[in-house]
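# Summary of the model geometry
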Amino acid sequence: MAGGIAEDRRLREGLFGYARRWPAESGTVDLFLELLADPDNPFRRERLAGHFTASCWLVSRDGARVLLTHHRKLGLWLQLGGHADGERDLAAAALREAGEESGLSGLCVEPGIFDLDRHWIPEHKGVPAHWHYDVRYVVRAGDDEAFTVSEESLDLAWRSVVDLAADPAADASVRRMARKWMGDW
């Protein structure tokens, strides 16, 4: 349990730091802090009132491109990521998901929360609709960018960050992250 307390403290501090960097998103940060304080473990997917997920903005070594997944369940091009499955270190969970979903090795997670997104997940295969509180981290690819498409994806693709920021068909949160990455947010 001591590890959980330390991880929760790190996440709380990370959320406060995020609020200082992005003051316009303080309302979102408050929702994440409220969830973190909930005694019903918010890191488990079985908590259907809402739970934490961990995602990554998986950028190429030069930072000009990002790897997106054509998400099998949602049918959208999104960042890689998934459920924390009890892991309270969400940066570690994001790094794990990046490796599992891309097959890439030599990945490195950067410190600090890059983005937050609370989004509604529709009912799927008997799992009721619920909230995902997605904590997103920057993960950098190494020299090898040859990915493998996992069963969770319909496809993967490297996309130009500049093109994504301007693409009206791209998911709104992906466009937001592209603009943040470019320093235009």
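An account of the accompanying structure is given in this report. These numbers come from a predicted model, not from an experiment.

### Points about the pattern of salt bridges
Inspection of every chain in the model, using the stated rule, returns 20 salt bridges. Here Lys180 makes a salt bridge to Glu25, at a shortest N to O gap of 3.0 Å. On the criterion of sequence distance, the pair formed by Lys180 in helix H5 (residues 172-182) and Glu25 in the loop between helix H1 (2-21) and helix H2 (26-36) is long-range, its members being 155 residues apart. Residue class for Glu25 comes out buried when judged on its relative accessible area of 10%.

### Thoughts on the environment of Glu13
For Glu13, the location among the structural elements is in helix H1. As a C-alpha pair, Glu13 and Val149 span 136 residues in sequence and 35 Å in three-dimensional space.

### Digging into the pairing of strand S1 (residues 51-59)
Where burial is concerned, most of S1 is hidden: nine out of the nine residues are buried. Side chains His51, Thr53, Ser55, Trp57 and Val59 of S1 all project onto a buried face; the interleaved residues Phe52, Ala54, Cys56 and Leu58 project onto the opposite face, where all are buried too. Bridge count for S1 against strand S3 (residues 77-83) is four bridges, and the pairing is antiparallel. Its bridge partner being in S3, Cys56 is matched across the sheet by Leu80.

### Here's the deal with H2
Residues of H2 that are buried: Val29, Phe32, Leu33, Leu35 and Leu36. Viewed end-on, H2 has its buried residues packed into an arc of 160 degrees, placing them on one side of the element.

### A look at the state of the cysteines
Linking two cysteines covalently via their sulfur atoms produces the bond known as a disulfide. All chains considered together, the criterion is met by zero disulfides. You can see Cys108 has no disulfide; the closest cysteine sulfur is in Cys56, sitting 12 Å from it. Given the relative accessible area of 45%, Cys108 is considered partly exposed.

Parameters and conventions
- Residues numbered from 1 in each chain as written.
- Predicted model: local features only at pLDDT ≥ 70, side-chain atom pairs only at ≥ 80, totals over all residues.
- Heavy atoms only, no water.
- Salt bridge = Lys/Arg side-chain N within 4 Å of Asp/Glu carboxyl O.
- Helix = DSSP H or I, 4+ residues; strand = E, 2+ residues; numbered from the N terminus.
- Buried < 20%, exposed > 50% of the residue type's maximum accessible area, 1.4 Å probe, protein only.
- Pairing = 2+ DSSP bridges.
- Arc of directions from axis to C-beta.
- Disulfide = S-S within 2.5 Å.

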